[in-house]
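# Coordinate analysis (summary)
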Amino acid sequence: MELNTTVTIDEDKSIARVALAGALNTDTAPGFDQELQRVITRGLNLTVLDMKDLDYISSAGLRVIFKAAKQTKAAGHRLAAANRKPHIDKVFEILKALPDMAVFANDQELDDYLESMQNKVRGD
Amino acid sequence: MKNSIATRLIAVLSLCSALILGVGMWLDYRLSREEILERLKNESQETIRAAIIDMENWLDGVEGSTLFLARILEQRDYTHAGLEQMLKDIVENNADIYGSTIALNPVITDSPGGFAPYYFHRDGILTYADLASEEYAYQEQAWYLDAVNAGKPVWVEPYFDRGGGETLMTTFAVPVFRVSAQGERFLYAVVTADVPLDELRAYLRRLRLGDSGFATLLSRTGIILSSRNPDYIMRHYSDARSDTVDLPTWRDMLQSALAGQAVTRQLECPDIIGRCVIRMDTLQSTGWPVGMIYSEHEITAPLRRYQIRTAVIGLVTLLLMALAVYLVTRRLTRPLTVLVGASDNIARGKLDTALPTVRGEDEIAQLVMSFDAMRRDLKTYISDLETATASRSRLEGELAAAREIQMSLLPGGGEVLEQHEGYSLWARVRPAKSVGGDLYTYQQSGERLFIAVGDVSDKGVPAALFMAKATSLIQQLLAAGESPVTALAKLNNALEAGNDNCMFVTLFLGVVDLANLELEFASAGHTPPSLLRDARVGVLPQDDGPALGLAPGLEFPRNKVQLAFGDRLAIYTDGIDEAFNEAAQMFGPERFNRGFGDGAALPLEQAGAALFDAVDEHAGDTPQSDDITLLLLELPVQGDSRSTSRGVFPAGEGLAGRVITWLQTALEEQALAPDVSVETVLVAEEISTNIEKYGELPAGSEVLLDLSISASTLAMEFSDRGVAFDPLRDGKRSELGADIESAEIGGLGVHLITQLTDEQSYRHEGGGNILRVVKLLDTDSA
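From a predicted model like this one, the values you see are computed outputs, not experimental measurements. (Residues numbered from 1 in each chain as written. Chains lettered and ligands numbered in written order. Predicted model: local features only at pLDDT ≥ 70, side-chain atom pairs only at ≥ 80, totals over all residues.)

### A few points about the overall build of chain B
Looking only at helices and strands, one finds 17 helices and 29 strands in chain B. A burial count over chain B gives 36% of its 782 residues as buried. Look at the contacts in chain B between residues 6 or more apart in sequence, and 63% of them connect residues 24 or more apart. (Helix = DSSP H or I, 4+ residues; strand = E, 2+ residues; numbered from the N terminus. Buried ≥ 20, exposed ≤ 12 C-beta atoms within 10 Å, placed from the backbone. Contact = placed C-beta atoms within 7 Å.)

### As for unusual backbone geometry
Residue and element names in this part refer to chain B. Located in the positive-phi region is Met-234, a residue other than glycine, with phi close to 70°. Relative to the helices and strands, Met-234 resides in the loop between β9 (224–226) and α5 (247–258). Backbone geometry at Glu-696 places phi at a positive 45°, although glycine is not the residue there. Assignment of secondary structure puts Glu-696 in the loop between α15 (674–694) and β26 (702–709). Glu-696 sits in the exposed class, given 12 other C-beta atoms within 10 Å.

### Here we look at the packing of helix α7 (residues 301–347) of chain B against helix α8 (residues 363–409) of chain B
All names here are of chain B. Running from N to C, α7 and α8 cross one another at 15°; their axes reach a closest spacing of 10 Å. Here α7 is positioned roughly parallel relative to α8, judged by the angle of their axes. Crossing of α7 over α8 shows left-handed handedness. Where α7 approaches α8, its residues Leu-332, Pro-335, Leu-336, Leu-339 and Ile-346 are matched on the opposing element by Ile-364, Val-368, Phe-371 and Arg-375. A per-class count over the contact of α7 with α8 returns 8 nonpolar, no polar and 1 charged. (Axes fitted to C-alpha atoms, helices over the stretch in contact; angles between N-to-C directions. Parallel < 35°, antiparallel > 145°, perpendicular 65-115°, else oblique. Left-handed = near helix turned anticlockwise from the far one by under 90°. Nonpolar A, V, L, I, M, F, W, Y, C, P; charged D, E, K, R; others polar.)

### Regarding helix α3 (residues 86–95) of chain A
Every buried residue of α3(A) is accounted for by Ile88(A), Val91(A) and Leu95(A). Buried residues along α3(A) cover an arc of 55° about the axis, so they all sit on one side. Where α3(A) is buried, its residues meet β3 (46–57) and α2 (59–74) of chain A together with α17 (747–756) of chain B. (Arc of directions from axis to C-beta.)

### Focus: the sheet that holds strand β12 (residues 289–295) of chain B
Residue and element names in this part refer to chain B. The strand order across the open sheet built from 5 strands is β9-β8-β12-β11-β10, with neighbouring strands paired in antiparallel fashion. A single partner strand is all that each edge strand has here, and the edge strands are β9 and β10 (263–268). If you compare each strand with its neighbour and ignore which way they point, the axes differ by 25° on average. Bridge count for β10 against strand β11 (residues 275–282) is 6 bridges, and the pairing is antiparallel. (Pairing = 2+ DSSP bridges.)

### Quick notes on the nonpolar core
Residues and elements named next belong to chain B. Judged by nonpolar contacts, the single largest core of 70 residues is most densely connected at Ala-103, Ala-173, Ala-189, Val-190 and Val-191. If one sorts the elements of this core by residue count, helix α1 (residues 5–75) sits on top with 9 residues. Look past the residues within four positions of Val-191 in its chain and what remains in contact with it is Thr-66, Leu-69, Ala-70, Leu-73, Ile-102, Val-174 and Val-176. Core analysis: the second largest hydrophobic core is formed by 69 residues, Leu-410, Ile-474, Ala-487 and Leu-495 among them. (Core = buried A, V, L, I, M, F, W, Y, C linked by C-beta atoms within 7 Å.)

### Concerning the pairing of β11(B)
Along any regular strand, the residues point their side chains to alternate faces of the sheet. Residue and element names in this part refer to chain B. For β11, the buried fraction is high: 7 of the 8 residues fall into the buried class. Alignment of β11 against β12, held across 7 bridges, turns out to be antiparallel. When the bridges of β12 are listed, Cys-276 appears paired with Ser-295. Hairpin connection, β11 to β12: the antiparallel pair is bridged by 6 residues, and Gly-287 has positive phi, about 75°.

### A few points about the confidence of the model for chain B
Residues and elements named next belong to chain B. Across chain B, the average pLDDT comes to 84, with 95% of residues at or above 70. Averaged pLDDT values over the elements of chain B bottom out at 77 in helix α16 (residues 727–730) and peak at 94 in strand β23 (residues 568–572). Interface confidence for the predicted complex, expressed as ipTM, amounts to 0.79; the pTM equals 0.40. (pLDDT = per-residue confidence, 0-100.)

### Some remarks on the sheet that holds strand β19 (residues 530–533) of chain B
Sheet strands pair by backbone hydrogen bonding; their relative direction is either parallel or antiparallel. Residues and elements named next belong to chain B. With antiparallel pairing, 6 strands are arranged side by side in an open sheet as β13-β14-β24-β23-β19-β20. Looking at which strands have only one partner, the edges of the open sheet turn out to be β13 (415–419) and β20 (536–539). The sheet shows a mean angle of 15° between the axes of neighbouring strands, direction not considered. Strand direction decides the pairing type here: β13 and strand β14 (residues 424–430), joined by 5 bridges, are antiparallel. In the strand pairing of β14, Leu-417 is matched with Trp-426. The sheet contacts of helix α13 (residues 604–619) involve β13, β14 and β24 (628–634), and relative to β24 the element is tilted by about 150°.

### Comments concerning the environment of Leu540(B)
All names here are of chain B. In this fold, Leu-540 is placed in the loop between β20 and β21 (544–545). Residue Leu-540 is classed as partly exposed on the basis of its C-beta count, with 19 C-beta atoms lying within 10 Å. The spacing of Leu-540 and Lys-560 is 20 residues in sequence and 10.0 Å in space, taken between C-alpha atoms. Excluding residues that lie within four positions of it along the chain, Leu-540 makes contacts with Pro-528, Pro-529, Leu-531 and Val-561.

### Structural notes on the pairing of strand β29 (residues 768–776) of chain B
Residue and element names in this part refer to chain B. Two elements, strand β27 (residues 713–720) and β29, share 8 bridges in a ladder whose sense is antiparallel. Bridge pairing in β29 links Glu-717 to Arg-772. Examined bridge by bridge, strand β28 (residues 759–765) and β29 share 7 bridges and lie antiparallel to one another. Bridge assignment links Arg-763 to a residue of β29, and that residue is Ile-770. Hairpin connection between β28 and β29: a loop of 2 residues separates the two successive antiparallel strands, and Gly-766 in this loop has a positive phi of roughly 55°.

Structure below.
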């Protein structure tokens, strides 16, 4: 199975949106790792992994995400996951891989979160 | 102490002796009483007779003197002075005579008044009186006339002799007759002797019988001469108001007495205590009745004294005897009382309690000695028992430990339920003693399921040790994948070696090919298995060989049976069919097969337990005589048929991808829930990634994936020729949580494998790794 990733960058809001479609498995994980690294190194405040179309994830794929989460945290940025399907959610659950990641069940939650982020920036 | 031996002995012995003594004394009393009464009667009569004889003697003396004087006067003539002198001499010298006279017939005297000198004792002085005075006129006196009229000596009725003796008296008067010269007989004189009534009374007073007894004397005409009451003297008895005896009785008795017949009457007398006795007799000389009245009560007083004395002696004897009995029984029972206390103490466990000291060799002493012996024996016995109990509980503890160890040799520790996608297996062993000689075991190797059920001869510890040896050998042989026939032959040789005790094992050893359901088995003298198919139970025909361990180099025939889906197989030891009930009837294969068939609808575990219950119910209270083992094997029913497929993948880069691609295709054919497919693929990817990255697979080798899906299970078995590695145990399972990103590659995968499947097993077999995972399917949604 293949993995297609679509990266959308909003420089103004300092947000990167990475949409995953297909399977993030042993085979696709290394490619996705490189792509995600490129996005993270841009130093945006927030990187959102949109898993709306992600059908499958294995431990190799999760490692990539965990590594990215650790890196963004070290840089003072955030990595968030949105729109996880139930079985994807179950894998996250089993491996207890949630502590440092914001998780949004759907787009609405994500938008609300972004809104609050904006307000926070303005407030600063 | 109310019921003590002493009390009862005293009571019983006292009662008995009182009875014996009482009867003896009563008999003695009866005999003595008659004797005493007789004696007393005689005594009283003797007293009376003696008194009467005394009186008779006295009166006889008076009579004699008077008759003598009369005799003299018949023949000789005396002057008046001479007569007087003679008379004076007689009265003076004869104390018995109160007074005496010689009254001459006045006709023959010179003086008209006659001649009658009278001498008498007045107050002890001899006194003279002349009776020939005109005042006295002796010839008219009764004593003179009576004698003259009678013409022979008479005793005159008592009278008061006025002018003569001047006292109450009676007189013995003797007429003296002479014959004249013409031969005519004429009265010459009357000679008399007087006896005063006082003197008579004095005699009678001596006649006293008892305090209230008295005598009475009457004249022939019934004048009372002497009585207790002085007022009655000289009165006729009928005038005297008698307060003792009524008149008719008195008259009656008097008449009898006057007729010369002594009479004795016993009457009730008012003034005398008890009965009074009246004895009436007569004086021979005078013919006067003499009556004796006395109280029988007083006379029999000695008898009563005797009675009282006897009673007192009896009572004292009885008391002394009771005392003696008390002392003797107390002496006898004192050791018993002490013994009772001692036995109480001993019963409380104080075995060193002192026993009473006894002397001699009587029964009590023997009892105490026996008791002491018992106490000593008991002490020894208890101490022995304590030792025995201690060693017994130690032995029991060891046996319990041995049982645990023995059971741990068997899969599931003596009872096991194995639910597998290709089969279900349930087995249970129950030794008759703490440890036993029955065994079961099974082992799956790929599609081959090995089953063994065996029974070592005998039971208990020797059988258990032999069973342990046999079990470990069997497990080794099964692990080596030997065929039943070969395994039995090898096992036989191994067990035979050094088997000097000639222990042996009957064994069923079979292998089921789960792919084609073929059962191949060999039997070493074991009970043939029963097969339940389509609700009918049959016994599998078998060619069996001898029991194992007795002779080397034996061969065992091979049996092959084609099983079918839905079959249920029961393999058991003879502890089941040879279970006896109270009537010594065996449970038997028929009963077993019936029970096996009855449980067809039950789940395997319950069916097995029901068969155990049936055996127990049959045996009742009869203790289990042999170890019991039952193994049930069930193949899934037809509708639960599996689909199996195998993927073969060459080692090398992209292994996981190839595995997933094949698996996804394979799974598409199955109507599985989408999440089950996804999770199965994920698990397969994790496993194959691990094999690819860490297996160091030899170039050109292959990785096999056997996929097996039934209605209830999905199983994947990965086989590879890589380095021996059990990811379930040896995998560096990463810590979950914050530091998960630092986990080693593969370390996370193991978490996913164990979480997303229900069973995982690893074995290294034939130089390769075999990892098997099973996922139970939710049958409702399938």
